[in-house]
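Residue strings, one per chain:
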Amino acid sequence: MPLTLSKNERLCSDKLMEKLFAEGNVVNAFPYRIVWMPLPDSFEDIIKVAFTVSKKKFASAVDRNLIKRRSREAFRVTKPHLLLELKDSNHKLALIYIYTNSKIIEYPKIKTAIDSSIEKILANIK
């Protein structure tokens with residue numbers, strides 16, 4: 001299984017994002033607030049994910065992009081574990097990771113937060 005985060009796996013649909021914020025479940029794993037919901041079977045992909053960073057907290061686009069890059073990388077590395085669990089339980093997920101901290105944190109802490117968020121979401125699914 002390749003360690004990639006392809007275009008199909010990125011959450012781009014405005015309708016789906018609106019539905020996710022209106023009806024989704026929330027999990028907190030510092031420095032993230034994760035909004036997630038099961039996807040209908042009509043979606044081909046098992047997972048759809050998006051990452052956001054507040055423009056109010058980080059005025060510089062360079063800082064926002066750095067945080068999103070680190071977050072996507074941590075998710076990309078952890079994704080195979082999540083995909084195996086979802087395939088076994090026959091579920092599909094839409095996720096939005098919202099960065100809530102007002103400081104840039106290092107990659108190892110981001111990786112730990114992504115790992116713990118995935119564990120919390122999997123615990124809620126089962």
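Whatever comes next refers back to the structure up there.
Reading the values: the criteria
Residues numbered from 1 in each chain as written. Predicted model: local features only at pLDDT ≥ 70, side-chain atom pairs only at ≥ 80, totals over all residues. Heavy atoms only, no water. Helix = DSSP H or I, 4+ residues; strand = E, 2+ residues; numbered from the N terminus. Rg over C-alpha atoms; globule rule 2.2 N^0.38 Å. Buried < 20%, exposed > 50% of the residue type's maximum accessible area, 1.4 Å probe, protein only. Contact = heavy atoms within 4.5 Å. Lys, Arg positive; Asp, Glu negative; His and termini not counted. Charge placed at Lys NZ, Arg CZ, Asp CG, Glu CD. Salt bridge = Lys/Arg side-chain N within 4 Å of Asp/Glu carboxyl O. Phe/Tyr/Trp six-rings, centres within 6.5 Å; stacked < 30°, edge-to-face > 60°. Core = buried A, V, L, I, M, F, W, Y, C linked by side-chain atoms within 4.5 Å. Pairing = 2+ DSSP bridges. Axes fitted to C-alpha atoms, helices over the stretch in contact; angles between N-to-C directions. Right-handed = clockwise from strand over helix to strand, strands pointing away.

Enquirer: Help me understand the overall build of the chain in this model?
Expert: A tally of regular secondary structure across the chain gives three helices and four strands. Written out in order from the N terminus, the α and β elements of the chain read α-β-β-β-α-β-α. Taking 2.2 N^0.38 as the reference for a compact globule, 126 residues should give roughly 14 Å; the C-alpha atoms of the chain span a radius of gyration of 14 Å, in line with that estimate. Each principal axis of the C-alpha distribution contributes one length, and for the chain these read about 40 × 30 × 25 Å. The proportion of buried residues among the 126 residues of the chain is 40%. Contacts in the chain between residues far apart in sequence, at least 24 positions, make up 79% of those at least 6 positions apart. With 23 positive and 14 negative side-chain charges, the chain shows a spacing of 7 Å between the two charge centroids.

Enquirer: Looking at this model, I keep getting lost on the side chain of Arg 64. Mind explaining?
Expert: With respect to the element layout, Arg 64 can be found in helix H2 (residues 61-89). The charged side chain of Arg 64 is buried without a salt bridge, its nearest counter-charge being Asp 63 at 7.8 Å. Residue contacts for Arg 64: discarding those within four places in its chain leaves Val 53, Ser 54, Lys 55, Phe 58 and Ala 59.

Enquirer: Sorry if this is basic, but what is going on with the packing of aromatic side chains here?
Expert: When we look at a pair of aromatic rings, we describe it by the centre distance and by the angle of the planes. Using the criterion set out here, one finds six aromatic pairs in the structure. On the basis of an interplanar angle of 70 degrees and a centroid distance of 6.0 Å, the ring pair of Phe 51 and Phe 75 is categorised as edge-to-face. Of this pair, Phe 51 sits in strand E3 (residues 47-53) while Phe 75 sits in helix H2, and the two are 24 residues apart along the sequence. As far as the burial class goes, Phe 51 and Phe 75 line up, both buried. Note on Phe 58 and Tyr 99: the rings are 5.9 Å apart at their centroids and 55 degrees apart in plane angle, and the pair reads as tilted. Of the two residues, Phe 58 sits in the loop between E3 and H2 while Tyr 99 sits in strand E4 (residues 93-99), which places them 41 residues apart along the sequence. When its relative accessible area of 2% is taken as the criterion, Tyr 99 is described as buried. In this structure an aromatic cluster arises from ring pairing among Tyr 32, Phe 51, Phe 58, Phe 75, Tyr 97 and Tyr 99.

Enquirer: Explain the nonpolar core here, please?
Expert: One recurring pattern in soluble globular proteins: nonpolar side chains tend to sit buried together. Counting residues in each nonpolar core, the largest one holds 29 residues, and the members touching the most others are Phe 75, Leu 82, Leu 95, Tyr 97 and Ile 114. Counting residues per element, this core draws most heavily on helix H3 (residues 107-125), at seven residues. If sequence neighbours within four positions are ignored, Tyr 97 has contacts with Tyr 32, Arg 33, Ile 34, Val 49, Ala 50, Phe 51, Thr 52, Phe 75, Ile 114, Ser 117 and Ile 118. Listed in part, the 10 residues of the second largest apolar core include Leu 11, Met 37, Ile 96 and Ile 98.

Enquirer: I would appreciate a short explanation of the sheet that holds E4 in the present structure.
Expert: Strand pairing in a sheet relies on backbone hydrogen bonds, with the paired strands running either antiparallel or parallel. Ordered by their spatial adjacency, four strands build an open sheet running E1-E2-E4-E3, and the pairing between neighbours is mixed. Each having just a single partner strand, strand E1 (25-29) and E3 make up the two edges of the open sheet. Taking the axes of each pair of neighbouring strands and ignoring which way they run, one obtains an average angle of 20 degrees across the sheet. Pairing between E1 and strand E2 (residues 32-38): five bridges, direction antiparallel. Paired with Ala 29 across the bridge in E2 is Tyr 32. In the packing of helix H1 (residues 14-23) onto the sheet, contacts are made with E1, E2, E3 and E4, and the angle to E4 comes to roughly 75 degrees. Packed onto the sheet, H2 meets E2, E3 and E4 and runs at close to 155 degrees relative to E3.

Enquirer: Where do I start with the pairing of E3 in this structure?
Expert: Where a strand is regular, its side chains alternate between the two sheet faces. With respect to burial, E3 is a largely interior element, six of its seven residues being buried. For E3 and E4, the ladder comprises seven bridges, and the chain directions are parallel. Paired with Phe 51 across the two strands is Tyr 97, which belongs to E4. Tracing the backbone out of E3, into H2 and back to the parallel element E4 gives a crossover that is left-handed.

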